[in-house]
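Structural overview for review
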Amino acid sequence: MTDATGSSWQRLGQKLETALLNPIRAFRPRYLPLLMVYFAYGALGIVTIAESFWIKSALTLSASELAALSVWLTLPWTIKMVFGELVDAVPVFGSQRRAYVLIGGALVALGLLTLAGAAGGWLTFATPPDLYRIGSFLSVVGVVLQDVTADAMSTEVVDRENPDGTPRAPKDINRDLGMVQVLGRLSLSLGMVAVAGLAGFLASVFSYETVFLCGLVIPLISISGALLIDINTAETRPVDWRILGGGIAFGSAVFVLAITGVPYSQEVVFLVSMAVVSAMLWRVVSDLDPETKEKIFYAALIIFVFRATPLVGQGYTWFTIDVLGFDEAFQGTLNQIGALLALLGTWVFSDAITGRPIPVVLFWLTIAATVLTLPSLALTLGISQWTEATFGFGARTIAIIDTAASSPFLQLSMIPLLTLCAIYAPEKRRATWFALMGSLMNLALVAGALQTKYLNTIFVVDRGSYENLPLILGTVMAIGLIAPLTAILLFGYHLNGGNGRPPVRQD
C-alpha cells in the first residue's frame, strides 16, 4: 500500500511538473510580438476601476443605459471579418501585420485621451456621457484590430516544416498550435495580474483624468512588440470584396442604426449580424470536408450558448460600493486576487484542458460558475450581516473567498475553441477565419448583453435602490445553468464521431 501510494504521488507530481513547465518549454522568441498584444489587452484593466467609479459619480447613465451601451461596444467584435480581410489582403506600406498593430495601438491611445479629456473637463465638444461613448468605442476598435492581427500571427508562428524541409507530423503541429493559444491566454491573464492591484491604488490616489492618462503606457507595449521583431507575413491574396465590402456595408448600417435611435435597433442588428457572419463563415469553410465542418459547427454552437448568458450589470458594482463599502483600493485587491488565480488556473489546467472533450469541459465549468455565483446572491440578501455577527467575518471576506474560488475558471473555456480554430485556419485566410469565428463567439456576448439590458429594464436597479438586485442575480444564475447544459446534452455527442472530443492533441 505504501509503495502504491508513493507511486501515485510520484505520478501526480510528474503531471503537475509537466503542466507547469510545458508552457515555458513551448515558448519561442518569435511568439513575443503576439504575446505582447495579448498582454496589453489584459493590462488595459489599469483604468477599469477608475472608469467604474467615474461613471457612478460623474455620469448620468442608468444601469439599463449602460447595459444597452455595452451591446453597441460589443458589436465591433462581431464585424471582425472586416479587420480580418484587411489584415489578410491589404498591406499598409508593405506591412500586413506590424502596421495594423500600430494603428490599433494609436486608436486605443486616442480612446484613452478622450476619456481623460472628459474626466478632466478639457474636452468640451460633446457632453461627458457622449465623450465616454466615443472614447470607449475608439478603444474597442483599436483592441479588435490588434486582436485580429495577433490571431493571424498565432497560426503563422508555428512551423509546418522541419529544419531539413520535410513536413512536420500533424500531431506536432496541432500541439504547437494549441500551446500558442495557451500562451496567449496566459499573456492576457498576466497583463491583468500586472495591473489589477495597481488599478485600485491609482484610482484611490489620483484623479480619474490622471489614471486614464497613465493608461497610455499600455498601447506602447503592443507597439513595442511590433517594432522589436519582424512580424510581417509573406502570404498575399486578392481582396475578397464579398467579405470586405459586405462587412463595411454591414458596419455602416450598424453605425447609422446606433446614431439614429431606431426602435429595436440593437435586436435588428443582432439578427442581421447572425445572418451575415454565418453566411461569410460558410463561405470561408466551404472548402473543408463535411466531417470537419460538422465538428466545427457543433463546437461553435455549444460555446455560443455557453457564452450567450446574461450578466447582472452595473447595479451589482454600485451595490458593492454603496452598501458593502468596497472602495477603490479593495476593488483593486479583488481584481489582483482574481487575475492572479485566473493566471495560475490557466497555467496549471491548460495542458489537461487541451486534451479534454469540449462538452465535458464546458459542462463542469457551467456547474462551477453557477455554484460560485451563490456568494454574490447571498451578499445581496444581506448574509454578510449574519456572518459578521455569528462568525466574525463580513462582506469583504466573503468577496475575497468567492473571487479566489471562481477566478481560475475565467479563461479556461476559450482554450478548446481557439485551438480548434487554429488547427483548421485556411492558408491565406487565417485572419479572416479567426475574425469570423471570433465574430460568432462575440455575437453570443451581444445576445448576453441584450438579456442583461432586458433584465435591468424589467427589474430596475438604480444608484441607492437595490431591492431588485437579488431577482436579477437569481435569473442570471438560472439562465446560466439551464441554457449551456441543454446545449451540451443535446449537441455534445456530435463532436468527433460522437464522443465529444475535438481533434486536438492526438498523440
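Since the structure is predicted, the reported quantities are computational estimates derived from the model, not experimental observations. (Residues numbered from 1 in each chain as written. Predicted model: local features only at pLDDT ≥ 70, side-chain atom pairs only at ≥ 80, totals over all residues. Heavy atoms only, no water.)

Here the structure, examined in full by the defined rule, presents two cavities of 30 Å³ or more. One number sums up the size of the second largest cavity: a volume of about 80 Å³. What lines the second largest cavity is simply Val37, Tyr38, Ala40, Tyr41, Leu44, Val108, Val143, Gln146, Asp147, Ile218, Pro219 and Ser222. In terms of residue count, helix H2 (residues 32-43) provides more of the lining of the second largest cavity than any other element does, four residues in total. (1 Å grid on protein atoms, 1.4 Å probe; cavity = no way out; pocket = protein on both sides within 12 Å on 5 of 7 lines; lining within 4 Å. Points joined across faces, edges and corners; volume = space filled by probe spheres on them. Helix = DSSP H or I, 4+ residues; strand = E, 2+ residues; numbered from the N terminus.)

One can find Ser139 in helix H7 (residues 128-156). Every residue in contact with Ser139, bar those within four places of it in the chain, is listed here: Leu107, Val108, Gly111 and Leu112. (Contact = heavy atoms within 4.5 Å.)

A separate point is the pattern of salt bridges. Evaluation of the coordinates by the stated rule reveals three salt bridges. Where Lys56 meets Asp322, a salt bridge forms, and the shortest distance between an N and an O atom there is 2.9 Å. Taken as a pair, Lys56 in helix H3 (residues 48-58) and Asp322 in helix H14 (residues 314-322) lie far apart in primary sequence, 266 residues in all. Its relative accessible area of 38% is what places Asp322 among the partly exposed residues. Across the pair Asp130 and Arg133 runs a salt bridge whose closest N-O atoms are separated by 2.7 Å. One end of the pair, Asp130, and the other, Arg133, are both in helix H7, three residues apart, so they sit about a helical turn from each other. (Salt bridge = Lys/Arg side-chain N within 4 Å of Asp/Glu carboxyl O. Buried < 20%, exposed > 50% of the residue type's maximum accessible area, 1.4 Å probe, protein only.)

With that settled, the discussion passes to the packing of aromatic side chains. Enumeration according to the criterion identifies five aromatic pairs in this entry. Arranged with centres 5.6 Å apart and planes meeting at 75°, the rings of Trp54 and Phe212 form a pair that is edge-to-face. Placement of Trp54 in helix H3 and of Phe212 in helix H9 (residues 208-214) is noted, with a sequence separation of 158 residues between them. Considered together, Trp54 and Phe212 belong to a single accessibility category, that of buried residues. Their ring planes at 75° and their centres at 5.8 Å tell us that Phe319 and Tyr466 sit as a pair that is edge-to-face. Placement of Phe319 in helix H14 and of Tyr466 in the loop between helix H21 (430-458) and helix H22 (469-491) is noted, with a sequence separation of 147 residues between them. (Phe/Tyr/Trp six-rings, centres within 6.5 Å; stacked < 30°, edge-to-face > 60°.)

Given a rise of 1.5 Å per residue, 36 residues ought to cover 52 Å, and the 53 Å separating the end C-alpha atoms of helix H8 (residues 170-205) matches this to within 8%. Maximal helix bending in H8 amounts to about 35°, located at Val195. (Expected span 1.5 Å × (residues − 1). Bend = angle between axes of the 7 residues up to and from the residue.)

Before going further, it helps to spend a moment on the confidence of the model for the protein. Summarising the model, the protein shows a mean pLDDT of 77, and 81% of its residues fall at 70 or more. Taken element by element, the predicted model of the protein shows its lowest mean pLDDT in helix H1 (residues 2-26) (62) and its highest in H9 (91). pLDDT under 50 marks residues 497-507. Its contacts with residues more than four places away, or in other chains, come to 34 contacts. (pLDDT = per-residue confidence, 0-100.)

Before going further, it helps to examine the nonpolar core. A general tendency of soluble globular proteins is for nonpolar side chains to be buried together. In terms of nonpolar packing, the biggest core is built from 103 residues, with Met81 and Tyr132 touching the most fellow members. Sorting elements by how many residues they give to this core places H21 first, with 12 residues. If you look at the next biggest cluster of nonpolar residues, it comprises 19 residues, including Met153, Val157, Leu177 and Ala226. (Core = buried A, V, L, I, M, F, W, Y, C linked by side-chain atoms within 4.5 Å.)

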